[in-house]
Amino acid sequence: MSNLVEWFEFQVPGKVICAEHCVDSIGGEMDNVGGSKVLVVTDEGVQNAGLTQTVIDGVDSGSAEVVGVFDQVPPNSEIQVVQNCYDKVKESGADCLVSVGGGSVIDTAKAVTILMVEAGDLLDHQSAVYIPSGPMPPHISVPTTAGTGSESTFAAVIADHEQKMKLIFQGAELAPTIAMLDPFVTTTLPPGLTASTGMDALTHCIEALHSEMHEPICDGLALHGIRLISKYIARATADGGDIEARTYMLIAANMGGIAFANAFVGIIHAMAHSLGGHFGTPHGVANAILLPCGMEFNLRYVEEGIPASYRRVAEAIGLDVSGDDDDTAARKAIQWLRELTMEIGLPKQLSEVDVPEDGLADAATDAMLDGSMFNNPGDPEEEEVLELYKKAF
Ligand SMILES: [Fe+2]
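Residues numbered from 1 in each chain as written. Predicted model: local features only at pLDDT ≥ 70, side-chain atom pairs only at ≥ 80, totals over all residues. Heavy atoms only, no water.

**Let's talk about the packing of helix H10 (residues 283-298) against helix H14 (residues 382-392)**
- Where H10 contacts H14, the two axes come as close as 10 Å, and the packing angle between them is 135 degrees. Taken together, the axes of H10 and H14 are oblique relative to one another. When you trace H10 past H14, the crossing you get is right-handed. In this structure, H10 uses Ile289, Leu290, Cys293, Gly294 and Phe297 to contact H14, whose residues at the interface are Glu384, Leu388, Tyr389 and Ala392.
- Looking at side-chain class alone, the contact of H10 with H14 contains seven nonpolar, one polar and one charged residues. (Axes fitted to C-alpha atoms, helices over the stretch in contact; angles between N-to-C directions. Helix = DSSP H or I, 4+ residues; strand = E, 2+ residues; numbered from the N terminus. Parallel < 35°, antiparallel > 145°, perpendicular 65-115°, else oblique. Left-handed = near helix turned anticlockwise from the far one by under 90°. Contact = heavy atoms within 4.5 Å. Nonpolar A, V, L, I, M, F, W, Y, C, P; charged D, E, K, R; others polar.)

**Quick notes on the domain arrangement of the protein chain**
- Here the protein chain is described as being made up of domain 1 (15-186) and domain 2 (191-392).
- Taking only C-alpha atoms, the centre of domain 1 and the centre of domain 2 are 26 Å apart.
- Between domain 1 and domain 2, the contact holds 23 residues from the first and 26 residues from the second.
- Between domain 1 and domain 2, the buried area comes to about 2000 Å², and carbon and sulfur atoms account for 64% of it.
- Across the domain 1-domain 2 interface, the total number found is zero salt bridges.
- At the junction of domain 1 with domain 2, the criterion picks out three residue pairs in polar contact (both at pLDDT 80 or more).
- Those elements that provide at least two residues to the side of domain 1 that touches domain 2 are strand E1 (15-18) and strand E7 (165-170).
- Considering each element in turn, the side of domain 1 that touches domain 2 owes the most residues, three residues, to E7.
- In the side of domain 1 that touches domain 2, the residues fall into nine nonpolar, nine polar and five charged. (Domains from an automatic or database assignment. Buried area = accessible area lost by both parts, 1.4 Å probe. Salt bridge = Lys/Arg side-chain N within 4 Å of Asp/Glu carboxyl O. Polar contact = N/O pair within 3.5 Å; in protein donor to acceptor, adjacent residues only side chain to side chain.)

**Here we look at the sheet that holds E1**
- With parallel pairing, the six strands of this open sheet are ordered in space as E1-E8-E5-E4-E2-E3. Each edge of the open sheet is held by one strand with a lone partner, namely E1 and strand E3 (65-70). Going from strand to strand, the sheet's axes swing by 20 degrees on average, the running direction of each strand aside.
- Sheet analysis places strand E4 (residues 96-101) next to strand E5 (residues 139-143), joined by five bridges and oriented parallel. If you follow Ser99 over to E5, its bridge partner there is Ser141.
- Helix-sheet contacts for helix H5 (residues 103-118) involve strand E2 (37-41), E4 and E5, and the interaxial angle to E4 is about 165 degrees. (Pairing = 2+ DSSP bridges.)

**A short note on a negative patch on the surface**
- On the surface, a cluster of negative charge is contributed by Glu212, Glu303, Glu304, Asp379, Glu381, Glu382 and Glu383.
- With respect to the helices, strands and loops of the structure, Glu304 is situated in the loop between H10 and helix H11 (306-317).
- Residue classification places Glu304 among the partly exposed residues on the basis of a relative accessible area of 32%. (Patch = residues over 30% accessible without salt bridge, like charges linked within 9 Å, V, L, I, M, F, W, Y side chains within 5 Å. Areas by Shrake-Rupley, 256 points an atom, 1.4 Å probe, with all protein chains shown as cover. Lys, Arg positive; Asp, Glu negative; His and termini not counted. Charge placed at Lys NZ, Arg CZ, Asp CG, Glu CD. Buried < 20%, exposed > 50% of the residue type's maximum accessible area, 1.4 Å probe, protein only.)

**Regarding a nonpolar patch on the surface**
- There is a patch of nonpolar side chains on the surface, built from Val5, Trp7, Phe8 and Ile217 and spanning about 410 Å² of accessible area.
- With respect to the secondary-structure elements, Val5 resides in the segment before E1.

**Considerations on the coordination of the iron ion**
- The coordination sphere of the iron ion contains the protein donors Asp200 (OD), His204 (NE2), His269 (NE2) and His283 (NE2), at a distance range of 2.1 to 2.2 Å.
- Taken together, the four donor atoms coordinating the iron ion and their angles of 84 to 170 degrees define a geometry best described as irregular.
- Expressed as a motif, the donor residue spacing for the iron ion is D-x3-H-x64-H-x13-H. Of this pair, His204 sits in helix H6 (residues 191-210) while His269 sits in helix H9 (residues 267-279); the two residues are 65 residues apart in sequence, bridging distant segments of the chain. Just as His204 is buried, His269 falls in that class too. (Donors = N, O, S within 2.8 Å, 3.2 Å for Na, K, Ca; no water. Tetrahedral: all angles 85-135°; square planar, octahedral: opposite > 155°, others 65-115°.)

Given below as structure tokens:
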């Protein structure tokens, strides 16, 4: 890896607001971006936790009105859900969206904004980069997990059950207009989800660093994200009401999101996406299991600077690697991540999460087709990916 920065592009998403109870002022923010009839997009868990009402009350602080609530987003959203949500938009006459939930909810709302501009079937609007044919509707996102960073990314991941694949819709215009980081709405997230979504955020930071597209701005975001997550993830998992930990986890997830929205992710996400498409493996759990193995695999890319890059991960975590060579320092970081996964109560192997061993070969074939694979250093082969899945099994 040369130290010379030859060329890069860095795109900034929409406005980010962070404060405890900032959702109480969502109405004023919606007024600023011109939305008047709000459809709230969420899931049943958020609805049952009473958070939808918190957001509806927040919308009432401005002049916009809530014309409907769509709460049928499943954990891994899919094309039919997006179409159903769009039907609700048409039925209610909504002209803007407020999404309240994790990545699946926010991604669903992003995909719905495509249909609000283009109409028709979502599959008709699949392309390398989505370029809208008209103005995008205002979309305010309120993440209830500190994980995907979807509130500030340019992509929507939507499952296509027929093709057993996760489709990625990508384009700068898909980033929500405003992201509201309110730690209060994450306090009811149970420990398991706090841990797994937090590991997703950590994987974004680490993969943004080792991506072939990494550059100094993303490196800075990713490294600080790693500092914050390594400091706060165990605290947020152990005590959901720890507002300081919840706040910094939201900020770190947001930084990781902006980093990987620009630098992209690599082999770990390619493999996690494929497991999600084939077996419904929760994204954060898949990443947590695959992260140490994927990093170990990438250590072979010495010329691409991977051990040196992971040394910076170790330093960001706060490990003492002063007398170590890069490979040793990197392995200390990987070992620390393995111990962290155990500490926060996540599974260590794919066999623990209902992934069938005889399905790994098909998962490896599809992981090779995932766009994230192309940003990984080197050119991993399908047999190597299968080998990695077996190691993680
Ligand atoms: Fe992710």
